[in-house]
Amino acid sequence: MGQGFSTRRQAHEAGVHRPLQAGICGTKKAGAESIVVSGGYKDDEDYGDVIVYTGHGGQDSSGNQVSDQSLDDSGNAALVTSYLEGLPVRVLRGYQGGAPYAPAAGYRYDGLYRVTSYGSKLGIDGFLIWQFRLEAYDDAHTPQAAQQPELPPTPATPESAAVTGSESPGRITSTVQRIVRSSAVKRQVKAWHGNRCQICDLRIDVPGGSYSEGAHIRALGSPHNGPDTSGNVLCLCPNCHVMLDAGAIVIEDNLTVIRGGEPAGTLRTDPRHTIDLECVRHHRERWRQ
């Protein structure tokens, strides 16, 4: 992080951003490997640890938007996949555009960001554009990023008082230790099931793709120490994922789904996906004790 490159070719040769011209590197299937933030689109916004990045397409040679963008564009589709699958994206900033967080010259690798949301709007030139919000994995990630002050403790609120919230919520920095999931395993299981929940059969379709979650049957990490293998992963919708993790759903050895103590159908399977029954038993015993 922070490594500089005089030219795009140097960044290409280092494997940080492979295309010599395109601002997005990636495919719909694999997600976005990297992007270049260099003021190429009028609607871009760069706040350091947060980037509002305009997708690809619809520009003429002068940098004006002359047609609508589409999520069918491979670069835009790649960023959608990165959002749906939670895949990190490398960010390379260029000197162009004079943004406060741009390097003075050349290009700079500014580390990994996550795509946290996306949507469409009419851009400055009056055509539909797709924009992606990316957030750095670390708030102190960008060298010039302003440090957020720590907030004082929130005073206790009487139960009778109305909670109005805040129009400008503050931010604090924290460190979280977690088990790193194997995204390749989860993505394989979800692909086998076409992002359709194995318990309730729901498939959540969104612009540019579909969404599901890879749920470990036997939890990773101490004290459960489940394996990060396909046999220990289910393709679930968010609701069923929460219920499985919290014990509201357990599964019998014959793959009968038990919800609220009553049978609620059978876990849908696929010939390519063999469920690890030892993990099923461990999960069931954990919640039936």
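Below you will find a few notes about this structure. These figures come from a predicted structure and were not determined experimentally. Chains are numbered independently. Their residues run from 1 in the order of the written sequence. Totals for whole chains, interfaces and linings use all residues, but because this is a predicted model, local features are given only for residues with pLDDT of at least 70 and pairs of side-chain atoms are given and counted only at 80 or more. Hydrogens and water are ignored here; the side-chain numbers use all heavy atoms of the structure.

Our next topic: the pairing of strand 5 (residues 50-54). Relative accessible area decides the class of each residue, using a 1.4 Å probe on protein chains only: under 20% of the type maximum gives buried, over 50% gives exposed, and in between gives partly exposed. Per the convention used, a helix needs a DSSP run of H or I reaching at least four residues, while a strand needs a run of E reaching at least two, with both numbered from the N terminus. Taking burial as the measure, the 5 residues of strand 5 include 5 buried ones, the bulk of the element. In strand 5, alternate side chains face the same way, and those of Val 50, Val 52 and Thr 54 on one face and Ile 51 and Tyr 53 on the other are all buried. We treat two strands as partners when DSSP finds at least two bridges between them. Between the end of strand 4 (residues 45-46) and the start of strand 5, which pair antiparallel, lie 3 residues, with Gly 48 showing a positive phi angle near 90 degrees. Of the strand pairs in this sheet, strand 5 and strand 8 (residues 128-136) are connected by 5 bridges, and their pairing is antiparallel. Its bridge partner lying in strand 8, Thr 54 is registered against Gln 131.

What follows concerns the pattern of salt bridges. Working definition: two side chains of opposite charge can pair if their charged atoms are close together. The salt bridge criterion pairs a side-chain nitrogen of Lys or Arg with a carboxyl oxygen of Asp or Glu, the two atoms within 4 Å. Counting across every chain of the model gives 16 salt bridges. Here Asp 205 and Arg 203 are joined by a salt bridge, their closest N and O atoms 2.7 Å apart. Given a relative accessible area of 32%, Arg 203 falls into the partly exposed group. A single salt-bridge network, built from bridges that share partners, covers Glu 252, Asp 253, Glu 278, Arg 281, Arg 284 and Arg 288.

Moving on, we come to the nonpolar core. If you look at the biggest cluster of nonpolar residues, it comprises 20 residues, and the most contacted ones within it are Ile 35, Ile 51, Tyr 53, Leu 79, Phe 132 and Leu 134. Of all the elements in the fold, those that place two or more residues in this core are strand 3 (31-37), strand 5, helix 2 (74-85), strand 6 (89-94), strand 7 (107-122) and strand 8. The contact criterion used throughout is that any non-hydrogen atoms of two residues lie within 4.5 Å. Those residues in contact with Ile 51 that lie beyond four places of it in its chain are Val 37, Glu 45, Asp 46, Val 91, Arg 93, Tyr 113, Phe 132, Arg 133 and Leu 134. Residues enter a nonpolar core if they are buried and are Ala, Val, Leu, Ile, Met, Phe, Trp, Tyr or Cys, with the set joined through side-chain atoms within 4.5 Å. Judged by nonpolar contacts, the second largest core, of 17 residues, contains Ile 217, Leu 234, Leu 236 and Cys 240.

Attention shifts here to the sheet that holds strand 13 (residues 249-251). In any sheet, the strands associate via hydrogen bonds between backbone groups, in a parallel or an antiparallel arrangement. With respect to topology, 3 strands assemble into an open sheet ordered 13-14-15, the strand pairing being antiparallel. Because the sheet does not close on itself, it has two edges, and the strands there are strand 13 and strand 15 (262-266). Neighbour to neighbour, the strand axes of the sheet diverge by 30 degrees on average, direction disregarded. In this structure, strand 14 (residues 256-259) lies alongside strand 15, joined through 3 bridges in antiparallel fashion. Looking at the pairing, Ile 258 lines up with Pro 263 of strand 15. To obtain each axis, a line is fitted to C-alpha atoms, and for helices this fit is confined to the stretch in contact; angles are then taken between N-to-C directions over 0 to 180 degrees. Sitting on the sheet, helix 5 (residues 277-288) is in contact with strand 13 and strand 14, with an inclination near 135 degrees to strand 13.

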